[in-house]
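# Observations on the three-dimensional arrangement
Listed below, chain by chain, are the residues.
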Amino acid sequence: MSDSILAGEIALVTGASRGIGAAIADELARLGAKVAGTATTETGAARIAERLGAAAEGCIGLCLDVTKQASVDAALVAVEEQLGSKPTILVNNAGITRDNLLMRMKEAEWDAILDTNLTSAFRLCKACARSMTKARHGRIINVSSVVGVSGNAGQCNYAASKAGLIGFSKSLARELGPRGITVNVVAPGFIDTDMTRELPEAQRDALLASIPLGRLGAAEEIAAAVAFLAMPAAAYITGQTIHVNGGMLMV
Amino acid sequence: MSSVEERVRKIVVEQLGVKEEEVTMDASFVDDLGADSLDTVELVMALEEEFETEIPDEDAEKITKVKEAVDYVNAHLG
Ligand SMILES: NC(=O)c1ccc[n+]([C@@H]2O[C@H](COP(=O)([O-])OP(=O)(O)OC[C@H]3O[C@@H](n4cnc5c(N)ncnc54)[C@H](OP(=O)(O)O)[C@@H]3O)[C@@H](O)[C@H]2O)c1
């Protein structure tokens, strides 16, 4: 595979400061895309710029809060100004958890998750759809979760947001398909990042026992699936969900 | 400089891939010129670019015929 298979593409990856998003940004940059990776703080953005910049030219770090429309608008202007065009590849990866049993869950916990994990995709896709439509080319990849399909006690809010992303992506795939834009989902299983390091040991062990491949996934293994969906080779795949979960759930 | 009407009709021809003579003032984008909903959104985008303006969604929804597009541009860009 050529290392510059994504040359000429402009990729926007949200939540690229650590974990899965960082691995996605690195991989897209390695494949030749100009990448804008985002963090929620200026220091985080500077660190992304440093990391990506060391590996590839023409990559930048941006500060973005996906829950704020003005912040999304500003990030898109920055991408266009600094990388030369609006994104041709959009990866909605930023996401958070706020676990609680439904009976204890505050409405604020519900709202924060839906806003950050789902409404964010609405905002960013809308902001990118116009230029992709005009160009008759675009790849949108939304990062969901195995939990969005399997459900998980204590994660009603998170699972709803992640299942929502799948329905959203299928609908958008139908809307934008006629213009050569694909919209797909990658649903990670149990991946070794800050998000899963927070889990209590007992829960972690129980989860591991349910994974046929017997281990946590690496962020790079999610990045590989995302990168594939961005490649020319994946041009005929749209509205799909690729599960990368060690066999934890077989769909 | 061509007239607003000529510029609008040229965009309609380009965007919808129809023949110039089909683009009468009374032609409806959907019913007469075969546009689907995504085509009409793109048509408005193209008008916005040609006339360097932003057409709010509420107004865009009302532009369904060639004449309505011409009238809109004339009314808003004088
Ligand atoms: N880890 C897993 O096992 C797993 C499993 C399934 C799905 N996922 C999904 O994969 C994605 C990445 O997960 P991860 O484990 O890599 O997470 P992580 O290590 O916790 O990183 C989260 C990223 O999202 C960013 N972020 C948080 N809130 C944001 C906001 N309001 N606006 C913009 N960015 C925001 C963070 O930026 P800062 O660094 O600036 O805070 C960070 O870059 C998430 O959507 C997650 O739901 C993860």
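Residues numbered from 1 in each chain as written. Chains lettered and ligands numbered in written order. Predicted model: local features only at pLDDT ≥ 70, side-chain atom pairs only at ≥ 80, totals over all residues. Heavy atoms only, no water.

An unreviewed UniProt entry lists chain B under the name Acyl carrier protein, with Lamprobacter modestohalophilus given as the organism. Quoted straight from UniProt, the Subcellular location (unreviewed entry) entry for chain B says "Cytoplasm". A UniProt comment under Sequence similarities (unreviewed entry) is attached to chain B, and it reads "Belongs to the acyl carrier protein (ACP) family." (UniProt positions renumbered as here; feature names shortened; annotations may be inferred.)

When helices and strands are counted, chain A shows nine helices and seven strands. Taken over the C-alpha atoms alone, chain A extends approximately 50 × 40 × 40 Å along its principal axes. Burial status across chain A gives 48% buried among its 251 residues. Contacts in chain A between residues at least 24 apart in sequence constitute 71% of all its contacts with a sequence separation of at least 6. Total accessible area on chain A stands at roughly 11500 Å², and carbon and sulfur atoms take up 55% of it. Within chain A, one finds 23 positive and 24 negative side-chain charges whose respective centroids are separated by 7 Å. (Helix = DSSP H or I, 4+ residues; strand = E, 2+ residues; numbered from the N terminus. Buried < 20%, exposed > 50% of the residue type's maximum accessible area, 1.4 Å probe, protein only. Contact = heavy atoms within 4.5 Å. Areas by Shrake-Rupley, 256 points an atom, 1.4 Å probe, with all protein chains shown as cover. Lys, Arg positive; Asp, Glu negative; His and termini not counted. Charge placed at Lys NZ, Arg CZ, Asp CG, Glu CD.)

Residues and elements named next belong to chain A. Taken in spatial order, the seven strands line up as β3-β2-β1-β4-β5-β6-β7 in an open sheet, and their pairing is parallel. Each having just a single partner strand, β3 (60-63) and β7 (241-244) make up the two edges of the open sheet. Strand-to-strand twist of the sheet, defined as the mean angle between neighbouring strand axes without regard to direction, takes the value 20 degrees. Helix α2 (residues 42-55) contacts β2 (34-39) and β3 of the sheet and is inclined by roughly 170 degrees relative to β3. (Pairing = 2+ DSSP bridges. Axes fitted to C-alpha atoms, helices over the stretch in contact; angles between N-to-C directions.)

Now for the site of the ligand. Residues and elements named next belong to chain A. Close contacts around the ligand come from 29 residues, with Ser17, Thr40, Asn93, Tyr158 and Thr193 the closest. One of the backbone N or O atoms of Ile20 is found 2.7 Å from an oxygen atom in the ligand. Measuring from an oxygen atom of the ligand, one finds a backbone N or O atom of Ile191 at 2.8 Å. In isolation the ligand offers 900 Å² of accessible surface; the protein chains occlude 91% of this area. (Near = heavy atom within 4 Å. Polar contact = N/O pair within 3.5 Å; in protein donor to acceptor, adjacent residues only side chain to side chain.)

An ideal rise of 1.5 Å per residue puts 20 Å on 14 residues; helix α2 (residues 37-50) of chain B measures up with 20 Å between its terminal C-alpha atoms. Buried residues of α2(B): Leu38(B), Asp39(B), Glu42(B), Leu43(B), Val44(B), Met45(B), Ala46(B), Leu47(B) and Glu48(B), and no others. Packed against the buried residues of α2(B) are α4 (107-135) and α6 (156-176) of chain A together with α1 (4-16), α3 (57-60) and α4 (66-77) of chain B. For α2(B), the capping residue at the N-terminal end is Asp36(B), with a side-chain oxygen 3.1 Å from the backbone nitrogen of Leu38(B). (Expected span 1.5 Å × (residues − 1).)

This next bit is on the state of the cysteines. All names here are of chain A. In this structure the tally under the stated criterion is zero disulfides over all chains. Lacking any disulfide linkage, Cys63 is separated from the closest cysteine sulfur, that of Cys128, by 17 Å. Cysteine Cys125 is unpaired, with the sulfur of Cys128 as its nearest cysteine sulfur at 7.1 Å. The class of Cys125 is buried, set by a relative accessible area of 3%. (Disulfide = S-S within 2.5 Å.)

On to the UniProt feature "modified residue: O-(pantetheine 4'-phosphoryl)serine" (unreviewed entry) in chain B. Residue and element names in this part refer to chain B. The UniProt entry lists Ser37 under the feature "modified residue: O-(pantetheine 4'-phosphoryl)serine" (unreviewed entry), expressed in the numbering used here. Take Ser37: it is sitting in helix α2. The exposure class of Ser37 is exposed, given its relative accessible area of 59%.

This paragraph deals with the interface of chain A and chain B. Put simply, an interface is often sized by how much accessible area is lost when its parts join up. Counting residues at the interface gives six residues for chain A, matched by seven residues for chain B. The contact between chain A and chain B buries some 660 Å² in all, and 44% of this surface belongs to carbon and sulfur atoms. When the area that chain A buries against chain B is broken down by residue, the three leading residues are Arg130(A), Lys134(A) and Arg179(A), summing to 69%. At the boundary of chain A with chain B, the tally comes to five salt bridges. Put simply, Glu48(B) and Arg130(A) hold a salt bridge, and the shortest N to O gap is 2.2 Å. Our enumeration of links across chain A and chain B arrives at five residue pairs in polar contact (both at pLDDT 80 or more). Among the elements that make up the side of chain A that touches chain B, the one with the highest residue count is α4(A) (three residues). (Buried area = accessible area lost by both parts, 1.4 Å probe. Salt bridge = Lys/Arg side-chain N within 4 Å of Asp/Glu carboxyl O.)

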